[in-house]
Amino acid sequence: MLKALNKTGLVFFPAFDWAISPTHPEREERLLYTQDQVMEEGLFDIDGIHEYKSEVVDIKDVQRVHFSYPDVWQVMTESHFISAGGAKTIARAVMEKSVNNGFALVRPPGHHAMRVVHGGRGFCNVNNEAIMLEYLRHAYGVDRVAVVDTDCHHGDGTQDIYWHDPDTLYISLHQDGRTMYPGSGFPQELGGPNAAGTTLNIPLPPYTGEEGFLYAINEVVLPVIDEFKPELIINSAGQDNHFTDPLTNMLFTAKGYADLTRLLKPDIVVLEGGYSIEGALPYVNIGIILALAGMDYSHVIEPGYDPDKLKQTDSITQTVKQTCDTVKANWAQREAIGRSMRGNQEYAERRRNIFYDTEGIHETQRETLRLCPECSGALKIDSTSDRGAHLLAIHIPRKACNNCWDLGRQWYESANPSDYDMICLQDRTEDSYQVKEK
Ligand SMILES: [Zn+2]
Ligand SMILES: [Zn+2]
């Protein structure tokens, strides 16, 4: 019997009854072909690979992360509760040491869902990784964590949720936002003034191949993680960098994904996108599973694989190198960058517009952050949607100092219910979520 070097846990949740539409690329077949391939290759016969059944997250798990308008039930279906639950199941198996690492192969995906949710963005309604991670912080006291997002699209939702959190290192590698949804994720996006440098973006030009991805991992991601010293490494694993993916323009391969996984050594992997349903997903996922288990993946070769055709050009190699140099320089200067962002001010404001492409909702946000030397700062978001909703969302961070705690409470107490459709307080020091009555 084959034996895995590392014990690896898997959860499959294809969400049979959920799709944006029957022909939408984000549909159940994304996982059915992988499931078949896992069976055919006999992965469950390997000693050390365990399958778990997904649990369901509860409301509290979601409310630790999101402000959902008008409420959790309106933005989540049963499938969303189970998809996030699959990530939670794998994370618990890792924390309880039943396995060394694990992969939640679940959908719907989550990395475009931000802290405030008015609807679906980029096929995402709630953020599976963030729900899982904040559960781990609550239940196991996990503190410093690195989230490495290797989906072809910038993980703007995860970036938003951890924008002000210096204990979560968020690194995203993705196709350049000038050529693709959601149009963000540039090297100058470094996190908020209390957490400068713990968000890092590595945009890659279209037609970047294996060489470019692995260069960024070796040159930037691994050294930064080494310095940050996280307790856990989470990989938001989108498989849409594959050369056959219909939504993107990259030249990544199944072997490349497996190499990336072997180098990164993530504790927990959560599936994001990937829309080349037959030609790529089964092979990429098998490669990742074998790499997690510490097994030989050299025989995993997808149809149409030709290393010569998939080689990136010299000009792409140069661009990737320059981008990596910029990101490394920003990381090295993160403290000075943070100081200059804070200046002598007491508060930082940020205004932005967010588009929910699935539902056509436009949201405008005005965010106020207390610039705090002791904690990541009390945060207030005034959010308006073009559907007429006006909400006030107040976040007291997990390790809030007394001043930030008092300020968050005061913002909540003094807000007038007649001015808003919803006023809510997420107090992470008490693990509570309150909505103010009209
Ligand atoms: Zn994607
Ligand atoms: Zn504070």
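For the structure given in this document, a descriptive report is provided here. (Residues numbered from 1 in each chain as written. Chains lettered and ligands numbered in written order. Predicted model: local features only at pLDDT ≥ 70, side-chain atom pairs only at ≥ 80, totals over all residues. Heavy atoms only, no water.)

Concerning the overall build of the chain
Across its full length, the chain carries 12 helices and 16 strands. Here the chain has a C-alpha radius of gyration of 21 Å; the compact-globule value for 438 residues is 22 Å, and the two agree. Within the chain, the proportion of its 438 residues that are buried is 63%. With an accessible surface of roughly 17,000 Å², the chain has 49% of that area assigned to carbon and sulfur atoms. For the chain, the distance from the average position of its 40 positive side-chain charges to the average position of its 63 negative side-chain charges is 6 Å. (Helix = DSSP H or I, 4+ residues; strand = E, 2+ residues; numbered from the N terminus. Rg over C-alpha atoms; globule rule 2.2 N^0.38 Å. Buried < 20%, exposed > 50% of the residue type's maximum accessible area, 1.4 Å probe, protein only. Areas by Shrake-Rupley, 256 points an atom, 1.4 Å probe, with all protein chains shown as cover. Lys, Arg positive; Asp, Glu negative; His and termini not counted. Charge placed at Lys NZ, Arg CZ, Asp CG, Glu CD.)

Some details on the pairing of strand 6 (residues 145-149)
In terms of burial, strand 6 is largely enclosed, as five of its five residues are buried. Neither face of strand 6 is left uncovered, since the one carrying Val 145, Val 147 and Asp 149 and the one carrying Ala 146 and Val 148 both have all their residues buried. When strand 6 meets strand 7 (residues 168-175), the two strands line up parallel, connected through five bridges. Paired with Val 147 across the strands is Tyr 170, a residue of strand 7. Note that the unit made of strand 6, helix 6 (residues 156-161) and strand 7 has a crossover that is right-handed. One ladder, built from five bridges, connects strand 6 with strand 9 (residues 232-237); its direction is parallel. When the sheet's bridge partners are listed, Ala 146 is paired in strand 9 with Ile 233. (Pairing = 2+ DSSP bridges. Right-handed = clockwise from strand over helix to strand, strands pointing away.)

Description of the environment of Pro 109
Position of Pro 109 among the secondary structure elements: in the loop between strand 4 (101-106) and strand 5 (116-117). According to the relative accessible area criterion, Pro 109 is buried, its value standing at 2%. Every residue in contact with Pro 109, bar those within four places of it in the chain, is listed here: Glu 26, Phe 123, Cys 124, Val 126, Asn 128 and Glu 272. (Contact = heavy atoms within 4.5 Å.)

Observations concerning unusual backbone geometry
The step from Tyr 69 to Pro 70 runs through a cis peptide bond, and the omega angle for that step is 0°. Counting through the fold element by element, Pro 70 comes out in the loop between strand 3 (67-68) and helix 3 (72-75). Backbone torsion omega between Arg 107 and Pro 108 reads 0°, so that peptide bond is classified as cis. Along the polypeptide, Pro 108 turns up in the loop between strand 4 and strand 5. Positive phi, normally seen in glycine, also occurs at Phe 123, with a value near 70°. Here Phe 123 falls in the buried class, since its relative accessible area comes to 16%. Positive phi outside glycine occurs at Asp 431, with the angle close to 50°. Considering the arrangement of structural elements, one finds Asp 431 in the loop between strand 15 (422-427) and strand 16 (432-435).

What about the coordination of the zinc ion (ligand 2)?
Looking at the metal site, the zinc ion (ligand 2) is ligated by Cys 372 (SG), Cys 375 (SG), Cys 401 (SG) and Cys 404 (SG), spaced 2.2 to 2.4 Å from it. One can describe the donor arrangement at the zinc ion (ligand 2) as tetrahedral, given that its four donor atoms subtend angles of 98 to 119° at the metal. Written as a sequence motif, the donor arrangement for the zinc ion (ligand 2) is C-x2-C-x25-C-x2-C. (Donors = N, O, S within 2.8 Å, 3.2 Å for Na, K, Ca; no water. Tetrahedral: all angles 85-135°; square planar, octahedral: opposite > 155°, others 65-115°.)

A look at the pattern of salt bridges
Here the structure, examined in full by the defined rule, presents 30 salt bridges. With a shortest N-O distance of 3.9 Å, Lys 60 and Asp 431 are connected by a salt bridge. One end of the pair, Lys 60, is in helix 2 (residues 59-63); the other, Asp 431, is in the loop between strand 15 and strand 16, with 371 residues separating them in the sequence. Across the salt bridge formed by Asp 167 and Lys 399, the nearest N and O atoms sit 2.9 Å from each other. (Salt bridge = Lys/Arg side-chain N within 4 Å of Asp/Glu carboxyl O.)

Details of the packing of aromatic side chains
On inspection of all chains with the given rule, the structure shows six aromatic pairs. Pairing Phe 252 with Tyr 257 gives two aromatic rings, centres 4.6 Å apart and planes at 55°, and the pair type is tilted. Tyr 257 shares its class with Phe 252; the two are buried. Within the aromatic cluster, the residues linked to one another by ring pairs are Phe 213, Phe 252 and Tyr 257. Across from the ring centre of Tyr 412, 5.4 Å away, lies the NZ or CZ of Lys 436, which sits over that ring. (Phe/Tyr/Trp six-rings, centres within 6.5 Å; stacked < 30°, edge-to-face > 60°. Lys NZ or Arg CZ within 6 Å of the ring centre and 35° of its normal.)

Some remarks on the side chain of Glu 210
Inspection of the secondary structure puts Glu 210 in helix 7 (residues 210-228). Within the structure, the side chain of Glu 210 is placed 2.5 Å from the side chain of Thr 253, a separation counted as a polar contact. (Polar contact = N/O pair within 3.5 Å; in protein donor to acceptor, adjacent residues only side chain to side chain.)

Points about empty space enclosed by the protein
Counted under the stated rule, the structure contains one cavity of 30 Å³ or more. The volume enclosed by the largest cavity comes to roughly 30 Å³. Contributing to the lining of the largest cavity are Arg 115, Asp 160, Arg 352, Gln 365, Glu 367, Leu 379 and Ile 381. Of all the secondary-structure elements, those providing two or more residues to the lining of the largest cavity are strand 12 (361-370) and strand 13 (379-385). In terms of residue class, the lining of the largest cavity is made up of two nonpolar, one polar and four charged. (1 Å grid on protein atoms, 1.4 Å probe; cavity = no way out; pocket = protein on both sides within 12 Å on 5 of 7 lines; lining within 4 Å. Points joined across faces, edges and corners; volume = space filled by probe spheres on them. Nonpolar A, V, L, I, M, F, W, Y, C, P; charged D, E, K, R; others polar.)

What about the sheet that holds strand 7?
The sheet built from eight strands is open, its strands ordered 2-1-4-10-9-6-7-8 with parallel pairing. Of all strands in the sheet, those bounded by a partner on one side alone are strand 2 (47-52) and strand 8 (199-204). Each adjacent strand pair in this sheet contributes to an overall mean axis angle of 15°, direction not counted. Lying on the sheet, helix 4 (residues 78-95) is in contact with strand 1 (3-13), strand 2, strand 4, strand 9 and strand 10 (268-271); it crosses strand 4 at an angle near 175°. (Axes fitted to C-alpha atoms, helices over the stretch in contact; angles between N-to-C directions.)

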